[in-house]
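Summary of structural features
Okay, here's what each chain looks like letter by letter:
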Amino acid sequence: MKTLKRLAAAVSVTAGLAMAGQAANAESVLRVAMTAGDIPIVIGQPDQGFEGYRFVGYNLYDTLTLWDLSQGETAADIKPGLATSWKIDPNDNKRWLITLREGVKWHDGCDFVPEDVVWNFERISKEDAPQFNVKQFGMIRNRTGNIDKVEVLGDHDIAIVTKTPDALFPYQLSYWYMISKCRLTELNNDYEAYANAPSGTGPYKFDKIVPQERLELVKNEGYWDKGRVPKHDRLVLIPMPEATTRAAALLSGEVDFIEAPSPDTIPRLESAGMQIVTRAYPHNWSYQLNFVDGNFKHKEVRQAANYALNRPEVKALLNGYMVEGYTNVPPSTPYHGTPSVKYEYNPEKATELLKSVDCYPCKITLAISTSGSGQMQPLPMNELVKSQLDAAGFETELKVMDWNALLDVGRPGREKNPDIDGINISRALQDPFSALIRHVYTKQHAPKGSNWGHYSNPEVDALIDEIYLAFDPAVRLEKLTKLHELMVEEATLLWVAHDVNPRALAPNVKGFVQAQSWFQDLTPIVVE
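Residues numbered from 1 in each chain as written. Predicted model: local features only at pLDDT ≥ 70, side-chain atom pairs only at ≥ 80, totals over all residues. Heavy atoms only, no water.

Under the counting rule described, the total for this entry stands at 25 aromatic pairs. These aromatic residues form a ring-pair network of at least three members: Phe50, Tyr53, Tyr58, Tyr61, Trp67, Tyr171, Tyr175, Tyr177, Tyr281, Trp518 and Phe519. Over the aromatic face of tyrosine 175 sits the side chain of arginine 143, whose NZ or CZ is 3.8 Å from the ring centroid. We note lysine 355 situated over the ring of tyrosine 360; from NZ or CZ to the ring centre the distance is 4.8 Å. (Phe/Tyr/Trp six-rings, centres within 6.5 Å; stacked < 30°, edge-to-face > 60°. Lys NZ or Arg CZ within 6 Å of the ring centre and 35° of its normal.)

Shown next as structure tokens:
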């Protein structure tokens, strides 16, 4: 009965999509079912977690540096975007000299000029600027908070000056979306009006939005990167948080591409001729811990939780669609190193560690979501983790909430929710800052940064300071490796799985290459 109800819901949810498809018969249309609970906002930095960045931000807008998503054999790295080159000023290690791409136009027809970068910086940093948006400021400040100023040097050149030296800064530029000064100014800096007519420089243009149902983008024929002009006419993005609904929508022909099918539906999808695409990529399903208020302030309790987990059992739950997570980054990562401990399943050792700090049974509360961006299969996975923790001596309470509610727990940090000991927000590990630094640097304590649980360790902070000064890649790699090894030894997270992100595509969808990246390029897709 439960399955029938879910399928009935799927039919209801996708009824409108069928109408969209019929209306667009003359077009080539790619319809994507996202795991997001709602349509991400379109005013620059998206919400709905990083899935908003993947599907809305990266298609509607551009950043100064982009990700090379053209192949899936090796992990993606950054490449030129709206900036064609960048280098540190040889006389000032806080000043990045950047050359901007010539000939780029906004979707509204205006030219992309250096002053646009200055204006975009002020919109997320200068409170008295007419274009300042406090929500956008909060959503990107962990990436742009180290920018002191942006200077125009010429027709196509700028300098970005950071407050402190930052050898990793070019990576941060890949998350900062540029929006059109022309369009927002024309709308008197009214972001509600702009949300109905956003303008970027990306490979797709905004067409229309049906609240809580779908966002429709169309091909940008004039995109500056001719190799990424979409090979379909229209991209329809649909929020569909329930995995069964997504699978039903694909089977019924209402959508062409779904994120994260549940493992138990994959055989049914394959038997119906659907393509299953999967590949390891830098993304963790783990728990960020509270290092101040509760029992995870003890290293022994953190290590005990990691020893208590039977990860092969979690992998079996997912029919093999994960890599067991014993460390923060997958072993193939250049800075994985050789941590001195490995948290293989050992419940006896977990119990011993809990008793060593008089925490037995050891009460913990974990905040989890019912669905969400990159959350894999959160409910069954969390239930299994809870049972494994409790078997070793924990007394675990799961606080279940929707995705945006969990993000609201995550952004302000542990101070707003001291009763919560851990949050299950999956994390992309695209770059060294995202993978390592933001979780453990004292200067990244939330709400300013992403160190939710306020981990603080002078040895770790000193090492990170050295990383930011390491403009020599070889020296930087050595220090990043040491940092990762320290994080594992300190059990700074509760690690469960490295995601392999299965996707399911209809048989007539061709040309998709799954990159080893959180971001994916939809532009090469042909819908036959």
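Picking up after the structure, the text goes on.
We now examine the environment of tyrosine 191. Along the chain, tyrosine 191 turns up in helix 7 (residues 191-194). Judged by its relative accessible area of 12%, tyrosine 191 falls in the buried class. As a C-alpha pair, tyrosine 191 and tyrosine 335 span 144 residues in sequence and 41 Å in three-dimensional space. Every residue in contact with tyrosine 191, bar those within four places of it in the chain, is listed here: Ile43, Arg123, Gln131, Phe132, Asn133, Ile179 and Leu184. (Helix = DSSP H or I, 4+ residues; strand = E, 2+ residues; numbered from the N terminus. Buried < 20%, exposed > 50% of the residue type's maximum accessible area, 1.4 Å probe, protein only. Contact = heavy atoms within 4.5 Å.)

What follows deals with the state of the cysteines. Under the definition given, this model contains 2 disulfides. Across the disulfide, cysteine 359 is cross-linked to cysteine 362 (sulfur-sulfur distance 2.0 Å). As the torsion about the S-S bond is roughly 80°, the cysteine 359-cysteine 362 disulfide counts as right-handed. One exposure class covers both cysteine 359 and cysteine 362, and it is buried. Cysteine pairing in the chain follows 1-2, 3-4, where each cysteine in a disulfide is numbered by its order in the sequence. (Disulfide = S-S within 2.5 Å.)

A separate point is a negative patch on the surface. A contiguous patch of negative charge on the surface is contributed by Glu102, Glu115, Asp155 and Asp157. Tracing the sequence through the fold places aspartate 155 in the loop between strand 6 (147-152) and strand 7 (157-162). On the basis of relative accessible area, aspartate 155 is assigned to the exposed category, the value being 63%. (Patch = residues over 30% accessible without salt bridge, like charges linked within 9 Å, V, L, I, M, F, W, Y side chains within 5 Å. Areas by Shrake-Rupley, 256 points an atom, 1.4 Å probe, with all protein chains shown as cover. Salt bridge = Lys/Arg side-chain N within 4 Å of Asp/Glu carboxyl O. Lys, Arg positive; Asp, Glu negative; His and termini not counted. Charge placed at Lys NZ, Arg CZ, Asp CG, Glu CD.)

This part covers the UniProt feature "domain: Solute-binding protein family" (unreviewed entry) in the chain. Look at the UniProt record and you will see "domain: Solute-binding protein family" (unreviewed entry) annotated at residues 78-409. A distance of 31 Å separates the end C-alpha atoms of residues 78-409, which is 30% helix and 24% strand. (UniProt positions renumbered as here; feature names shortened; annotations may be inferred.)

Turning our eyes to something else, we now look at the sheet that holds strand 9 (residues 214-219). Across a sheet, paired strands are connected by hydrogen bonds in the backbone, their directions being either parallel or antiparallel. Taken in spatial order, the 7 strands make up an open sheet running 8-9-10-1-11-20-12, and their pairing is mixed. With partners counted over all chains shown, the strands left at the sheet margins are strand 8 (204-210) and strand 12 (275-277), one partner each. For this sheet the average axis-to-axis angle between neighbouring strands, irrespective of direction, equals 20°. Here 3 bridges tie strand 12 to strand 20 (residues 503-505), and the two strands are oriented antiparallel to one another. Looking at the pairing, glutamine 275 lines up with leucine 505 of strand 20. The strands that helix 2 (residues 49-60) touches are strand 1 (29-34), strand 8, strand 9, strand 10 (234-239), strand 11 (257-259) and strand 20; relative to strand 8, the one it contacts most, it runs at about 125°. Relative to strand 11, helix 8 (residues 243-251) is tilted by about 170°, and along the sheet it contacts strand 1, strand 11 and strand 20. (Pairing = 2+ DSSP bridges. Axes fitted to C-alpha atoms, helices over the stretch in contact; angles between N-to-C directions.)

Ordered in space as 4-5-7-6, the 4 strands form an open sheet in which the pairing is antiparallel. The open sheet has two free edges, formed respectively by strand 4 (83-89) and strand 6, since each of these has just one partner strand. Strand-to-strand twist in this sheet, taken as the mean axis angle between neighbours without regard to direction, amounts to 20°. Taken together, the 5 bridges between strand 5 (residues 92-100) and strand 7 define a ladder with antiparallel strand orientation. By the bridge assignment, leucine 97 is partnered in strand 7 with alanine 159.

Our next topic: the side chain of glutamate 485. Tracing the sequence through the fold places glutamate 485 in helix 17 (residues 473-489). Comment: no salt bridge for buried glutamate 485; closest opposite-charge side chain is lysine 482, at 8.1 Å. With residues up to four places along the chain from it excluded, the contact list for glutamate 485 reads His336, Gly337, Thr338 and Pro339.

Counted according to the given criterion, the structure contains 28 salt bridges. Here arginine 228 and aspartate 521 are joined by a salt bridge, their closest N and O atoms 3.1 Å apart. On the criterion of sequence distance, the pair formed by arginine 228 in the loop between strand 9 and strand 10 and aspartate 521 in the loop between strand 21 (509-510) and strand 22 (526-527) is long-range, its members being 293 residues apart. Residue aspartate 521 is classed as buried on the basis of its relative accessible area of 9%.

A few words now on the confidence of the model for the chain. For the chain, the mean per-residue pLDDT works out to 93, and 95% of the residues sit at or above 70. The low-confidence segment residues 1-24 (pLDDT under 50) makes 22 contacts with residues lying over four places distant or belonging to another chain. (pLDDT = per-residue confidence, 0-100.)

Most of strand 7 is tucked away: 5 of the 6 residues are buried. For strand 6 and strand 7, the ladder comprises 5 bridges, and the chain directions are antiparallel. Within strand 7, the position partnered with lysine 149 by the bridge is valine 161. Where strand 6 folds back on strand 7, the antiparallel hairpin that results is connected by 4 residues.

Moving on to the environment of cysteine 182. Here cysteine 182 is to be found in helix 6 (residues 181-186). Take cysteine 182: its relative accessible area is 33%, and that puts it in the partly exposed class. Along the backbone, cysteine 182 and serine 199 are 17 residues apart, and their C-alpha atoms lie at a distance of 8.7 Å.

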